[in-house]
Amino acid sequence: MATDKTECDEDLKEKFQILKFQLSKHYNGRYFKWLRFCLHGYIQLEDLDRDDVTAMSLFNELQRTGEITPRKVRLLLNIANLTGFSEAVGQIDQYMADNNVQLVDEETLAASRKQLFKMLRQIGQDELKNVIHNYDELNKFEFTNIWDAVFILDKEELLSTSSNITRFTDCLGKSVQDRRREERPTTSSMSNNEQGIQKKDNRPNRGGSKMKKRKRKRRPNRSESETEETATSSNNEQGIEKKDKRGRSKMKKRRRKKKQPNRSNSESEEAPTSSKKRMRTNVMLQTEKIETYLIEIQKDKCSRASIFTPATMREKYKVDISQMFTDMELIKELENNKGSKPTTLEEMVDIISSTPGCKALIEGEGGIGKTTILRHISYTWATHNKSNVFEGKIVFLLCVRDLEKDEDIFDLIVKQLDMTDFNLETDLPKDPRLIKKFIKKHDNKVVLLLDGLDELRFNNQSVISLFRKDTLKKSTVILTSRSENIDEFKKECNVHVIVKGFNEKSIGKYIDKHFEYFEKPEMGKSLRRELDIMNQGWLRKHEEVYSMCKNPMLLLSICILWEDNQSLPEDKTDLFKEFFRSILNQFHKQQFKETREKFQKISKFEETPANYVNAMILLGKCMYKSLKENQLSINMKDLNDTQSTTDMIDMAIKLGFVYEEAPISKSNFERMFMPPHKLIVESLVGFYLCKLCESEGIENECTEDVRRILTPLDDNEWEVIRESWYLDLAREFAIGFLGDKAYAFFNHWITNNLSTYRSLPEYLDCVKEPHKDVVINKLINYMESKDLEISNHLDDISTSTRMFIDHITEGVQCDGHFIRLIMQLNRLKDEMVHFSSSSCRMAGKCKGKVIAHIVVIAECDEVTIIKNLLGDSDEFKHFVTECSLKQVQLALDTLYISGNNLHNIDVNSISSLLIMCPKLRQLFMSDCNLSGDVINHLGTECSLNQVQLPLERLYISGNNLHNIDVNSMSSFLIMCPKLVMLYMRDCNLSGDVINHFGTECSLKQVQLALIELDISGNNLHNIDVNSISSLLIMCPKLTYLDMSDCNLSGDVINHLGTECSLKQVQLALERLDISGNNFHNIDVNSMLSFLIMCPKLTYLDMSDCNLSGDVNQSLGYRIFSQTSSISIRMARYRW
């Protein structure tokens, strides 16, 4: 019985904690000052005046001092009634009814304080001056609102007696009466009367309203008549309908002119001006209303962002960021890849807020604290912190995953607003376009905190358009993301910060804050001792767990597990097993309450009831389907498609791993379920993959329900599991859950495709050390039992691997099975990068073959290895040949082979290389002594095989391409539709090549995607001007053109200006370098015509062009007078 009573008391404490959290949500933002006023006398003033104080911390203090308890809630109820929050009153009533709590018969709030509170609520910002005038004591102090004023009076003990409170209340009442007297309407309000505005009749027994019409003034004098006509002439001149007594419409425009034929011009123009002024005033009022509404509503939302449920916990468990936020280790990446430096959150926010239109990227792993940083920034802005973060701006805290396929940022903002509330608060129409137009027009006042780029669905382009400044250019944007697929955002951002998590000092500080918040400081001290935080030595008792503590979300979970069990997990997988057990126990406990059976806690994850396990597998299977598409939500259709029973589906939804999302629109009836964090999805998918592997070969022993869920996957699906970016952590979780049975998972890496073995060593290293030998031996046995078609290739690669390891290491034993060799090679990645061609003793053929084998099977920096180790055409040829024989596809993104002597390279080698690199975006082949035959053959080969190359950047400068074939070149460029940069500097090209190339592309009606083109250093003296204009026209996106040192004459520029002017071509050029050419005969007008056709040009280099002094002066003056935005270099001088 004693145990039951203890459990009952604990349960009531939990419910009381929930009640406090519910009530604290009502007293955030501006309403917090109401609560602070009510608690004067119950809590010390110095505690009420702290910067970090919140409603929840005040409730905790009241509970600590015994003013409120789980069975003593009179004070809370009185405050809720006084402040008028009916929802709060309902929550307290519900709590009392559910838990049989009776009200203690005692008075909690003094009547004089209650009366003062009611009067304070009537005081607006306009009455402050009257209050100060009527109450002399306030003249000594500074404050911005009446609530701060009364708090100052409380601190100075000027309201310490009932008589003082009564005197101040009377003063407030006088201020209210003065305001009402000023607002009372008078008969002299001509402008309102003339517009027919309703006025209340103040005479006795005539309380109705009436319209004061002009017609009642039968004989106005001249000045009154003129004033009246001026005020109404705007409507009359526009021909606005007027109605007489009988409702007949009439036009007064002409009659007005007849009555006043001698009015001056200034008088006749006064009315339209007045109308415009009124229109501008209305627009300004509307703008002010929208801005005020958005600031208030966003501050209210952001002030509540501090209280949230951690991703791995159930809804009942909440934390307050304002109480527990701890600084993290941040690294700011410097511009132009010049390294990085440590920074702080305060410094980061200062840089962002002081940079107009700043676009900031916050990068970090899952759970590292990116979301917490955004919540903290938004909370700081909303609560008027002393740091004045984004003062005067409107902050929107948004989740990127909420963006639908055809939505943009405007839609995302409007979606979180209640347009009915907007209408009631502003008296403006419920039109979302009003909000969108305001944001677009006043984007300099907008701060967008966008959370979770890695969770973006549908390849929506609206986020990258913000960073490119295609939309909302002046807005401030802070975007968080994991590290995958953010290269473009790195290039476009102004500030790039990497979150490293907690350092040693922060870990200890966070633990202290956590347990102090939950009033268990001794437990925090014991956890610090167990983690051995202050140990400066090499070894710790829980080294792996300590490394996880750098991740705030994992540290929070470790604190909770320590609170429950006073024990620590060994690694991330064990930690998530404990998460699962904690969530399941909460659901388990609720089930026992409903059935009134005795609760039996799940003490080990392995003892989880089978029906719970099956429900988790079901969730994991559905989440796998979503995660491989980088989506987190699942819908009811996914669950039903598994053909599981209704009971299993119902349990999967209720376990606590997902919550039901509100529908996106009223017409959308699809039930959607969302996990609280991406790590929950990844761990459940890993759990599903674990059970899938465990069930292989024993399907007949499983129940019918489990067999339906764990249907074996085909080879294509396993390829997705091996290679998908989005499943990286899910793979690690699967390996951890399987333990010494992880070989069952790795068996799916043993295929006839050599490229599958590249990632095998990385994931084998995820196996726990005690299990590693068992797993590797089982995997080797499985591999040897398979009759692989590539066995001979594997033996060949093993020989090359031993040879390579022997060359880059000394005295290291490199014998063993293929799997052990590639694991050893994986550990030598750093040494491989620094290994150069000069230190390699292998011969050309052997060397090319060995490098090919290493690149095929090693997860390494292939770009650097190829750049450092392949030195001539013979080695390169054997490298390509070997890759072709092994039928591999390289994952190369960049290939750098510049500076090698490839004069006798087989032309087939280059085309074969490009075909076997389907992801190659950048190719560097400058200064390789290549001939035009290579490009000719490459173009012919690509054209014949209809190969589309993904190349974006091609550097072939410094090669002798004089014999290049124009048809082949154009064919090659057509096969590279994504090519944006082409550098062909010093390639011995002639003007005829460019002429034929321009003609060929023009005939084929080709449009190239080129943004940068460098053909400098080529002898183009015989170039045809039509060819250049054709070239520019077929490159509509070209922003950079370098034609320096090309032996061009002034005639080319003259004709180019005339040609562009005749064709009315608008070029996108921003930078133009035509220095080092002979422009002595240039025509200034033609040059100017050409520049006018380049409205975006910001840089022009014409140095060393043999310009005369007169041309220099004339051209410089004309350019500056008509295109002043251009920065010019002419004749070695910058003008």
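Residues numbered from 1 in each chain as written. Predicted model: local features only at pLDDT ≥ 70, side-chain atom pairs only at ≥ 80, totals over all residues. Heavy atoms only, no water.

1. A closer look at the sheet that holds strand β15 (residues 659-661)
With antiparallel pairing, the three strands of this open sheet are ordered in space as β14-β16-β15. Pairing within the sheet leaves two strands with one partner each, and these edge strands are β14 (634-635) and β15. Two strands pair when backbone bridges link them, and β15 and strand β16 (residues 672-674) are joined in this way by three bridges, in the antiparallel orientation. When the bridges of β16 are listed, E661 appears paired with M672. (Pairing = 2+ DSSP bridges. Helix = DSSP H or I, 4+ residues; strand = E, 2+ residues; numbered from the N terminus.)

2. Thoughts on helix α39 (residues 818-826)
For an α-helix, 3.6 residues make a turn, and residues three or four places apart therefore share a direction. Of all nine residues making up α39, eight are buried, and the element is well covered by its neighbours. Along α39, the positions that sit buried rather than exposed are F818, I819, L821, I822, M823, Q824, L825 and N826. (Buried < 20%, exposed > 50% of the residue type's maximum accessible area, 1.4 Å probe, protein only.)

3. Comments concerning the side chain of R722
Counting through the fold element by element, R722 comes out in helix α33 (residues 715-723). With residues near it in sequence (within four places) discarded, R722 still touches R731, H748, W749, T751 and T756. (Contact = heavy atoms within 4.5 Å.)

4. With respect to the nonpolar core
If you look at the biggest cluster of nonpolar residues, it comprises 228 residues, and the most contacted ones within it are I377, F390, F657, F745, F746 and F1090. Counting 56 residues, the second-largest nonpolar core is a separate cluster that includes L23, L82, V101 and I146. (Core = buried A, V, L, I, M, F, W, Y, C linked by side-chain atoms within 4.5 Å.)

5. Quick notes on the sheet that holds strand β7 (residues 329-333)
Taken in spatial order, the seven strands of this open sheet run β8-β7-β13-β9-β12-β11-β10, and their pairing is mixed. For this open sheet the edge positions go to β8 (340-343) and β10 (394-399), each flanked by a neighbour on one side alone. Here the strands of the sheet are splayed against their neighbours by 20° on average, with no regard to which way each runs. In this sheet, β8 lies alongside β7 in antiparallel orientation, the contact comprising four bridges. Bridged to I331 within β8 is P342. (Axes fitted to C-alpha atoms, helices over the stretch in contact; angles between N-to-C directions.)

6. Observations regarding a negative patch on the surface
A cluster of like negative charges, contributed by D714, D715, E719 and E723, occupies part of the molecular surface. Position of D714 among the secondary structure elements: in the loop between α32 (704-709) and α33. (Patch = residues over 30% accessible without salt bridge, like charges linked within 9 Å, V, L, I, M, F, W, Y side chains within 5 Å. Areas by Shrake-Rupley, 256 points an atom, 1.4 Å probe, with all protein chains shown as cover. Salt bridge = Lys/Arg side-chain N within 4 Å of Asp/Glu carboxyl O. Lys, Arg positive; Asp, Glu negative; His and termini not counted. Charge placed at Lys NZ, Arg CZ, Asp CG, Glu CD.)

7. A closer look at the pattern of salt bridges
Using the criterion set out here, one finds 33 salt bridges in the structure. In this structure, the salt-bridge partner of E563 is K520, at a minimum N-O distance of 2.8 Å. One end of the pair, E563, is in helix α26 (residues 552-565); the other, K520, is in the loop between α23 (504-517) and α24 (521-531), with 43 residues separating them in the sequence. On the basis of relative accessible area, K520 is assigned to the partly exposed category, the value being 35%. Here R581 ties to E578 by a salt bridge, and the two come within 2.8 Å at their closest N and O atoms. With a gap of three residues between them, R581 and E578 both fall in helix α27 (residues 572-595), about one helical turn apart. One continuous salt-bridge network, built from bridges that share partners, spans D454, R482, K678 and E682.

8. So, the confidence of the model for the protein chain
In the predicted model, the protein chain carries a mean pLDDT of 78, and 78% of its residues have values of at least 70. Contacts from residues 186-269, a stretch scored under 50 in pLDDT, to residues over four places away or in other chains number 69 contacts. Counting contacts from residues 1128-1135, a segment whose pLDDT is below 50, to residues more than four positions away or on other chains yields 31 contacts. (pLDDT = per-residue confidence, 0-100.)

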